[in-house]
Amino acid sequence: MLNYKQLNYFWQVARAGSIARASEQLDLTPQTLSGQIGLLEASLEATLFKRVGRGLELTETGRLALSYADEIFEIGAEMEQALSGGTVKQVTTFRVGIADVMPKSIVYSLLAPAMALSEPIKIICREDKLDKLLGDLAIHRLDLVLSDRPMPEQLDIKGNNHKLGECGISFFATPTLAAKYQQGFPASLNQAPLLVPSLDTAMRRRLMRWFDAERIRPQIVGEFDDSALMKAFGQAGIGIFMAPSVIASEITRQFGVVELGKTEEVQDYYYAISVERRFDHPAVAAIRDTAKQGLFTN
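Residues numbered from 1 in each chain as written. Predicted model: local features only at pLDDT ≥ 70, side-chain atom pairs only at ≥ 80, totals over all residues. Heavy atoms only, no water.

1. Here we look at the nonpolar core
Here's step 1: F94, M102, L111, L146, L164 and I251 are the most contacted members of the largest nonpolar core, which totals 32 residues.
Here's step 2: If you list the elements that add at least two residues to this core, you get β3 (92-99), α5 (104-115), β5 (144-147), β6 (159-173), β9 (241-244), α10 (248-255), β10 (258-275) and α11 (282-295).
Here's step 3: Excluding its chain neighbours within four sequence positions, the residues that come into contact with L111 are F94, V96, I98, I123, C125, L146 and I287.
Here's step 4: Residues I169, A178, V196 and I216 belong to the second largest nonpolar core, which totals 20 residues. (Core = buried A, V, L, I, M, F, W, Y, C linked by side-chain atoms within 4.5 Å. Buried < 20%, exposed > 50% of the residue type's maximum accessible area, 1.4 Å probe, protein only. Helix = DSSP H or I, 4+ residues; strand = E, 2+ residues; numbered from the N terminus. Contact = heavy atoms within 4.5 Å.)

2. A short note on the environment of A187
Here's step 1: Mapped onto the elements, A187 comes out in the loop between α7 (175-181) and β7 (193-197).
Here's step 2: Note on A187: relative accessible area 54%, which makes it exposed.
Here's step 3: A C-alpha to C-alpha distance of 7.7 Å links A187 and E214, two positions 27 residues apart in sequence.

3. A closer look at the sheet that holds β5
Here's step 1: Spatial ordering of the open sheet is given by β4-β3-β5-β10-β6-β9, a layout of 6 strands whose pairing is mixed. Looking at which strands have only one partner, the edges of the open sheet turn out to be β4 (121-128) and β9. Put simply, the sheet's adjacent strands are angled 25 degrees from each other on average, direction ignored.
Here's step 2: In this sheet, β4 lies alongside β3 in parallel orientation, the contact comprising 8 bridges. Note on β4: the bridge partner recorded for I98 is E127.
Here's step 3: Taken strand by strand, α5 contacts β3, β4, β5, β6, β9 and β10, and its axis lies near 155 degrees from that of β4.
Here's step 4: Where helix α8 (residues 202-214) meets the sheet, it contacts β6, β9 and β10, and its direction lies at approximately 145 degrees from that of β10. (Pairing = 2+ DSSP bridges. Axes fitted to C-alpha atoms, helices over the stretch in contact; angles between N-to-C directions.)

So this is what it looks like as structure tokens:
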């Protein structure tokens, strides 16, 4: 039988990020925690942590164990409240992974329908690289991943790609830069200072193909993993930046910039990726249906 006290120690260490920090929080010695986790690993016949430098990192098995521990102790807290005479309002947890290239405004618009369901939802968002998010999706630590591209076919994951929509892109700049580069768009982008997504993004590859087709050679002055940081540099006048046309009015209003022009030749795509175990989650259907009915319709 699983020793839940040992599981709790593992859970506390995984959440704290180190044995030393967890030992302070639990008022136990590091040796006690290490010993209890060692006993848990022996009983499970599995390695939950691996050494990385001076720290600990969860193994793939450890990450799977943590996902179950999260649910176990969340349910335990509800049971304790119920048995002590309190009222427990059942809340469905919705864990979403967000690829770090996704524009925050679109992420919010996509997730808003999940928060409007009749049944209460507690949403947990985690932003990271797509490959790391898909790893957590595979071991059920996430219910859904939002990305700018579908799940790669070579991955051995039984998943579902839900295409939420697509739209063209617009280019933005401060009024000073816009006065210099707006006329004659898109040819005016030739030699213009440009802020672009990083090399490993699908958008960057589509953008550069379009530039080649139009024989445009911009001066790339910045590359960014984070679209919000790219907009901040653009707002400061460092260069021209791009964003999905569907949120153009919001961009101009929020950052005080001007839309130079837009193109439908470069499309930004949005996908929701789920695995079979989480396919029937009520929030997944709400996101998929609302995106097709509203956000990406012209």
